[in-house]
Amino acid sequence: MPLYTRLLFHLLLFISLLLSIATAAAQPAPVAFGLLDARDLTPTRFVHDSSAAVVLCDYGTTRIEQGNGYRLQTTFERVLRVKILRDAGTRWGSMSVDVWSNEQLITFRGCAYSLSNGVVQKRPLDGNAKPVEESGSGHRVYQLTLPDVHAGSVVEFRYQVVSYHRTSLKPWQFQHDIPVRWSEYRVAFPRALDFRALLHGSLPVLPDSVTLAAAPSSLLPSRWDHRWAMRQVPAFV
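A. Structural context of the overall build of the protein chain. Tallying secondary structure elements over the protein chain gives zero helices and 14 strands in all. Its helices and strands taken in sequence order, the protein chain reads β-β-β-β-β-β-β-β-β-β-β-β-β-β from the N to the C terminus. The proportion of buried residues among the 237 residues of the protein chain is 43%. The long-range fraction of contacts in the protein chain, counting pairs at least 24 apart against all pairs at least 6 apart in sequence, stands at 77%. For the protein chain, the exposed area adds up to about 12,700 Å²; of that, 53% sits on carbon and sulfur atoms.

B. Quick look at the side chain of S51. With respect to the helices and strands, S51 occurs in the loop between β1 (6-13) and β2 (53-66). On the accessibility criterion, S51 (16% relative accessible area) is buried. Separated by 2.8 Å, the side chain of S51 and the backbone oxygen of A53 make a polar contact. For S51, the residues in contact, after removing those within four places along its chain, are L85, R86 and P179.

C. Expanded view of the sheet that holds strand β8 (residues 140-145). The three strands are arranged β4-β8-β7 in an open sheet whose pairing can be described as antiparallel. The sheet is open, and its two edges are formed by β4 (94-99) and β7 (133-134), each paired on a single side. Across six bridges, the pairing between β4 and β8 is antiparallel. By the bridge assignment for β8, M95 is matched with L144.

D. The environment of V162, seen in detail. Residue placement: V162 occurs in strand β9 (residues 154-163). C-alpha separation for the pair V162 and I64, spaced 98 residues apart in sequence, amounts to 9.9 Å. Apart from residues lying up to four places away in sequence, V162 is in contact with Q73, T74, T75, N102, E103, Q104 and I106.

E. Molecular detail of the pairing of β9. Counting buried residues along β9, ten of its ten residues qualify, which places the element largely inside the surrounding structure. Relative to β9, strand β5 (residues 103-116) runs antiparallel, the two sharing ten bridges. Each residue of the ladder has a partner; that of T107, found in β9, is Q160.

About the thresholds
Residue numbering note: each chain is counted from 1, following its sequence as written. The predicted origin of the model limits local features to residues at a pLDDT of at least 70 and limits the giving and counting of side-chain atom pairs to 80 or more, whereas totals for whole chains, interfaces and linings rest on all residues. Heavy atoms from the whole structure form the basis of all side-chain values; hydrogens and water molecules are not counted. In this description a helix means any DSSP run of H or I spanning at least four residues, a strand means any run of E spanning at least two, and both kinds are numbered starting from the N terminus. Burial classification: accessible surface area is computed with a 1.4 Å probe over protein chains only, and a residue below 20% of its type maximum counts as buried, one above 50% as exposed, and the rest as partly exposed. Any two residues whose heavy atoms approach within 4.5 Å at even a single point are treated as in contact. Working definition of accessibility: Shrake-Rupley area with a 1.4 Å probe, residue cover restricted to the visible protein chains. Contacts described as polar in this section are N or O atom pairs within 3.5 Å, which, within protein, must combine one atom able to donate a hydrogen with one able to accept it, while residues neighboring in sequence count only if both atoms come from side chains. Pairs of strands are assigned from DSSP output, requiring at least two bridges between the strands.

Here it is, written out as structure tokens:
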């Protein structure tokens, strides 16, 4: 099995924080679902790419914050955008999301873009509320397959999973079996908690940017914001 680059997290409760704090302004999100640069539909941007597809942007966020009542709520959201370069890359027009017994899938959407006579064509699709697979342990698998995906298309997916399990965070995978132009993961959690991020793999990650920010909660008035990113990530072999 290939050793791909990813982040894993371990929770450390109520300890002193030994961090190098970066005083930087909040960075804008690198991608927004539904807002596509039409130039990504033209072949000129990809003349040097020999792969079947390329990830244009993979962006994930995890937020731990006060939910209903006094419970802590963990919200994970991901936006993935992929350029299909060859027919072999059309498999990226389908996405599966694993949801566990303590989690709930809130949003699952996709959209396929293509260029026809210079006009951008959009084929949006919302996910089915029923899982395609279930197990007795409460594990469910949801799947979304976009229509009319072909070489030259751009596909994107957005999903959101909510849970009340605060002792673990979703791992993040920077590297895939196709090249990745930009991958970014942000994590925000109350100041009373701390997570240790463990990087698996040898590729360099941009330095962890850490800021202390105000949080919209009377019980949890401040939070830590972390940001990791990688650019031009090669496909693993």
